[in-house]
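# Summary of the model geometry
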Amino acid sequence: MDVDSDDSDIEISSRNKGKGKATAKKPKAIRTEAISAQPYTWEENFARSWDTVTEDATGSLQTTVDDLQARSRRRRLLHPSGTALRRTIIRHLVLLLDLSAAMADRDMRPNRWGLTLEHARVFVAEWYDQNPLGQMAVVGMRAGLGERICSMTSSVQDVLKSISEKHKLEPSGEPSLQNAIEMARSAMSHLPSHASREILILFGSLTTVDPGNIHDTIDACAKAKIRISVVALAAEMKVCREMCERTSGQFGVVMNEGHYKDLLLELVPPPAQVGASSAGRIGGDAVSTAPKANLSADLLMMGFPTRLPHSAMAALCVCHSELKSEGFLCPRCLAKVCDVPTDCDVCGLMIVSSPHLARSYHHLFPVGAFTVVTTRAEAEADACFACARPFPPIATSGGAATGGGDGVSPYGRYRCPKCSREFCADCDLFVHEVIHCCPGCGK
Amino acid sequence: MHLVVILDLSKHWLDAQSSLPFSRFLVHLQAFLNAYKAASTDSQLAVFAAAPGRNLLLYSDHEKGSLNETDPNAYPSFTLVGSTIAEKLAALYSDLEVLDEPCSLVGTLINALCYINKAITTGQCTPETDEPRILVFSVSPDLSTSYIPIMNSIFSAQKLRVTIDVCQLLGPETVFLQQAAHLTGGSYLQLEATEALLQYLTMTFLSPPSIRATLAVPIQDRVDFRAACFCHKNIVDIGYVCSVCLSIFCQPIPVCSTCRTKFPAKLVLQLKASQLPGITPQTSQASSTRAASAPSRADAPGTADFDVSMHSDPNSLPRYTRNGKA
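Being a predicted model, the structure only gives us computed values, none of them experimental. (Residues numbered from 1 in each chain as written. Chains lettered and ligands numbered in written order. Predicted model: local features only at pLDDT ≥ 70, side-chain atom pairs only at ≥ 80, totals over all residues. Heavy atoms only, no water.)

### Here's the deal with the interface of chain A and chain B
Listed as interface residues are 67 residues of chain A and, on the opposing side, 78 residues of chain B. Around 6,100 Å² of area is buried between chain A and chain B when both sides are counted, 65% of it from carbon and sulfur atoms. Taken together, the connections running from chain A to chain B amount to 1 salt bridge. Asp426(A) serves as the salt-bridge partner of Lys118(B), at 3.4 Å between the closest nitrogen and oxygen. (Contact = heavy atoms within 4.5 Å. Buried area = accessible area lost by both parts, 1.4 Å probe. Salt bridge = Lys/Arg side-chain N within 4 Å of Asp/Glu carboxyl O.)

### Here's the deal with unusual backbone geometry
Residue Pro110(A) is reached from Arg109(A) by a cis peptide bond, and omega for that bond is -5°. Counting through the fold element by element, Pro110(A) comes out in the loop between strand 1 (91–98) and helix 3 (112–130). The phi dihedral of Lys233(B) falls on the positive side, at around 60°, and the residue is not glycine. Structurally, Lys233(B) can be placed in the loop between strand 8 (227–228) and strand 9 (235–236). (Helix = DSSP H or I, 4+ residues; strand = E, 2+ residues; numbered from the N terminus.)

### Here we look at the packing of aromatic side chains
Residue and element names in this part refer to chain B. Applying the stated criterion across every chain yields a total of 11 aromatic pairs over all chains. Aromatic side chains Tyr75 and Phe78 sit 4.9 Å apart centroid to centroid with 90° between the ring planes, which places their arrangement in the edge-to-face category. On the accessibility criterion, Tyr75 (47% relative accessible area) is partly exposed. The class of Phe78 is partly exposed, set by a relative accessible area of 22%. (Phe/Tyr/Trp six-rings, centres within 6.5 Å; stacked < 30°, edge-to-face > 60°. Buried < 20%, exposed > 50% of the residue type's maximum accessible area, 1.4 Å probe, protein only.)

### Section: the packing of helix 3 (residues 105–121) of chain B against helix 5 (residues 147–160) of chain B
The packing of two helices is summarised by the inter-axis angle and the distance between the axes. Residues and elements named next belong to chain B. Running from N to C, helix 3 and helix 5 cross one another at 20°; their axes reach a closest spacing of 10 Å. The angle between helix 3 and helix 5 places the two elements in the roughly parallel class. In this structure, helix 3 meets helix 5 at a crossing whose hand is left-handed. Of the residues in helix 5, those touching helix 3 at Val106, Leu109, Ile110, Leu113, Asn117 and Ile120 are Pro149, Ile150, Ser153, Ser156, Ala157 and Leu160. Here the residues of the contact of helix 3 with helix 5 are counted per class, giving 9 nonpolar, 3 polar and no charged. (Axes fitted to C-alpha atoms, helices over the stretch in contact; angles between N-to-C directions. Parallel < 35°, antiparallel > 145°, perpendicular 65-115°, else oblique. Left-handed = near helix turned anticlockwise from the far one by under 90°. Nonpolar A, V, L, I, M, F, W, Y, C, P; charged D, E, K, R; others polar.)

### Describing helix 6 (residues 214–223) of chain A
Residues and elements named next belong to chain A. If you check which residues of helix 6 are buried, you get Ile214, Thr217, Ile218, Ala220, Cys221 and Ala222. Where helix 6 begins, one side-chain oxygen reaches toward the backbone nitrogen of His215, 2.9 Å away; that side chain belongs to Asn213. Positive backbone phi, at 55°, marks Lys225, one or two positions downstream of helix 6. (Polar contact = N/O pair within 3.5 Å; in protein donor to acceptor, adjacent residues only side chain to side chain.)

### Structural notes on the nonpolar core
Grouped together as the largest cluster of nonpolar side chains are 102 residues, with contacts concentrated most on Leu357(A), Tyr361(A), Cys114(B), Ile134(B), Tyr147(B) and Ile248(B). Residues contacting Tyr361(A), with those up to four places away along its chain left out, are Tyr147(B), Ile148(B), Phe230(B), Cys245(B), Leu246(B), Ser247(B) and Ile248(B). The next biggest cluster of nonpolar side chains, apart from the first, holds 37 residues, and it includes Leu20(B), Phe25(B), Leu189(B) and Phe205(B). (Core = buried A, V, L, I, M, F, W, Y, C linked by side-chain atoms within 4.5 Å.)

### Thoughts on the confidence of the model for chain A
All names here are of chain A. On average, residues of chain A score 76 in pLDDT, and 72% of them reach the 70 mark or higher. Here helix 9 (residues 284–288) stands out as the element of chain A with the lowest mean pLDDT, 34, in contrast to strand 5 (residues 226–232), whose mean of 94 is the highest. Taken together, the stretch residues 1–38 has pLDDT below 50 and engages in 83 contacts with residues farther than four places along the chain or on a different chain. (pLDDT = per-residue confidence, 0-100.)

### Some details on helix 5 (residues 177–187) of chain A
Of the positions making up helix 5 of chain A, those classed as buried are Leu177(A), Gln178(A), Ala180(A), Ile181(A) and Ala184(A). For helix 5 of chain A, the arc enclosing every buried residue in end-on projection is 165°, short of the 170-degree limit, so these residues lie on one face. (Arc of directions from axis to C-beta.)

### Focus: the environment of Ser176(A)
Residues and elements named next belong to chain A. Here Ser176 is to be found in the loop between helix 4 (156–164) and helix 5. For Ser176, a relative accessible area of 0% gives the class buried. Along the primary structure Ser176 and Thr208 are separated by 32 residues, whereas in three dimensions their C-alpha atoms are 5.0 Å apart. Reaching out from Ser176, the side chain makes a polar contact with the backbone oxygen of Val209 at a distance of 2.9 Å.

### Examining the sheet that holds strand 3 (residues 54–60) of chain B
Strand pairing in a sheet relies on backbone hydrogen bonds, with the paired strands running either antiparallel or parallel. Residue and element names in this part refer to chain B. Reading across the sheet, the 6 strands line up as 3-2-1-4-5-6 and stay open at both edges, with mixed pairing between neighbours. Edge strands, defined here as strands with exactly one partner in the open sheet, are strand 3 and strand 6 (188–190). Going across the sheet, the axis of each strand differs from the next one's by a mean of 15°, ignoring polarity. Pairing of strand 2 (residues 44–51) with strand 3, which is carried by 6 bridges, proceeds in the antiparallel orientation. Bridging across to strand 3, Ala51 finds its partner in Arg54. The sheet contacts of helix 6 (residues 175–184) involve strand 4 (133–138), strand 5 (163–168) and strand 6, and relative to strand 5 the element is tilted by about 145°. (Pairing = 2+ DSSP bridges.)

### Some points on the pattern of salt bridges
Should their charged atoms come close, side chains of opposite charge can pair. Residues and elements named next belong to chain A. Going through the model one piece at a time under the given rule, you end up with 18 salt bridges over all chains. Note that Arg241 and Glu245 form a salt bridge whose closest N and O atoms lie 3.2 Å from each other. Separated by 4 residues within a single helix, Arg241 and Glu245 lie in helix 7 (residues 238–246), roughly one turn from each other. The partner of Glu422 in a salt bridge is Arg415, with the nearest N and O atoms 3.1 Å apart. For Glu422, a relative accessible area of 3% puts it in the buried group.

### Quick look at the sheet that holds strand 13 (residues 342–343) of chain A
With mixed pairing, the 5 strands of this open sheet are ordered in space as 13(A)-14(A)-7(A)-10(B)-11(B). Lying at the two open borders of the sheet, with one neighbouring strand each, are strand 13 of chain A together with strand 11 (248–249) of chain B. In the sheet, strand 10 (residues 238–242) of chain B pairs with strand 11 of chain B via 2 bridges, with the strands oriented antiparallel. Along strand 11 of chain B, the bridge assignment pairs Val241(B) with Ile248(B).

### Considerations on the environment of Pro171(A)
Residue and element names in this part refer to chain A. One can find Pro171 in the loop between helix 4 and helix 5. Between the alpha carbons of Pro171 and Arg142 there is a distance of 6.8 Å; along the sequence they are 29 residues apart. Not counting residues up to four positions away in its chain, the partners in contact with Pro171 are Leu99, Ser100, Met103 and Trp113.

### Let's talk about the side chain of Thr163(B)
Position of Thr163(B) among the secondary structure elements: in strand 5. Residues contacting Thr163(B), with those up to four places away along its chain left out, are Pro132(B), Arg133(B), Ile134(B), Thr184(B), Gly185(B), Gly186(B) and Pro209(B).

### Examining the state of the cysteines
Counted according to the given criterion, the structure contains 0 disulfides over all chains. Take Cys427(A): it sits in no disulfide, and the sulfur closest to it among the cysteines is that of Cys424(A), at 3.5 Å. Cysteine Cys231(B) remains unbridged, with the sulfur of Cys250(B) as its closest cysteine sulfur at 3.6 Å. Using a relative accessible area of 31% as the deciding quantity, one classes Cys231(B) as partly exposed. (Disulfide = S-S within 2.5 Å.)

Put into structure tokens, the structure is as follows:
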């Protein structure tokens, strides 16, 4: 495990394991725990974090806090390399919710169960937003059984509706990992080979009640190339970690409410595909030794339709045989279908609207990280190129800002290596996290 | 209200036997901007321009210039907008050496989004009450190399809850800007009667999006969801899509150029075989019927041309059966 070298109490490394109730906003609580003993490795992150906090000229801590925030944001930006990865984009995910009695524990507010449902809703919305061709199902673990809460669907409303009916999801009994995983596995058994299969388990219990040997189930999942990721609310369990490692999923233990959300949102972007032509990194045993590692790739023929307005002449749609004016025209046979994405009922062409596909393109062509303007001579522009707001004059800001390093510019200026325009910190973040295009390069 | 106007200053203005010279357009625009400023005291305005080889800010409420001479008969903030834009444009054109460089309309669109994002983060604009929007005056046809950046900006605009309005002044319809307006809930207007530009602008684009629901603004009739292929930058309506990275290609290829995935050779041959000579021109054919249908859209939106394209396309049925067999 790597531990970040500098100490900041805002930064929480997600790779750390352990369980604690301290939040980033309570340095006092952290301090007492850290002094008494250090049983958990994650606490090393917070060691002597108060030493880095210094007051500025006016006695305020605001500048230090801003500085720490800027550093953590920059670190997040610098982390991914600017190369295109192979990612699975037609995703299928089964969300396994723990609905056992352990979820009624109140160590998170309001309780584990309430918080899980709340975060699950955010996760589902964000997941569908970023994986518009994906499908999701929800399975609950309650009273030793797996319970189907929502079957595989591409509609975000269906999933959100099914997990917002709280009275149907009251926690009780013991969870059974094996039963639930088997149910999820069977729900994904019919999928085509190019689709990804994933299971995400939100697990609050420390026990599992299984009818058979769970290692057989894990083997079956690894064989079916199902990626299992676990977010544990209580503590690390060996069987969970092993399950994730075997299937090259991610494993994380929640430290606090905010960290829970971070862990979930980390699982939203499509995972890099394993078993690609380069030697399989993780779980390479079954995947990369297979003779045709690229068997899963397919070239699909897709049509991009024209949308008809409400004012168009009414005609029968081919899917429901209803007389209606709005709809989409299949580009190959000009049949009218009600909704996309779908397969044309007449000619069988897969009809998608191009924005559906385009939503995932920023994963393929990420913007390279901007370089930091560190010396006064390098700062040339008067205003940020993106938002056209003038930069603060260098003479004053140069004195106040504490030295650069750690990827933060003392002048708040960042330069695109390709078009060599200068950008302010806000636009740097916005370009890399939201737009994924540099305005100077137009790409 | 928060409005960002984008002007496309590409050389297409000069191809003119056009009925709309740039100077006349500026007069209409000035009147529209005055109307916008007059509509509310807290209305904020910024004007960006996509000039050949550069993007720049022409006017912004945040960097107020000063008026040299004040006309006692004019409202000062009206003259300020007009004179600032005129000065900057004059300075720009005296600077420009080459007009041939391409205009980065999409770069300017990203600029406008960054501008609005900055206004939101600094608290100058709240998305709920200010309803930030972008109005694009475009004169250039689709630039298919800008497909991905345009799509990315559309999704960012959706995230920021920014409405994108498009007014295509000259030239053919632009598929991508049409999609931008459709997906962000804005209006797309293809200018037909250039004398009535001001009337179009005030009727369609002056009211903020929340009020438009109760007004009869021109609706967008048909939206073309075509995409640009990654290999030749053609705009296609049937494409071949890599299942790994969803890159779009206009013809079957053995290896994906984006993610280096090798496709099964059998499959590629099969797809190539189904792409018989009669089928390949389908993109151009379909687009020509769509282009032909464009002029009729004002009087009978999307009705007549639907029938015409059904019958005037003799290859549509044979094409389908051939594909069905393959």
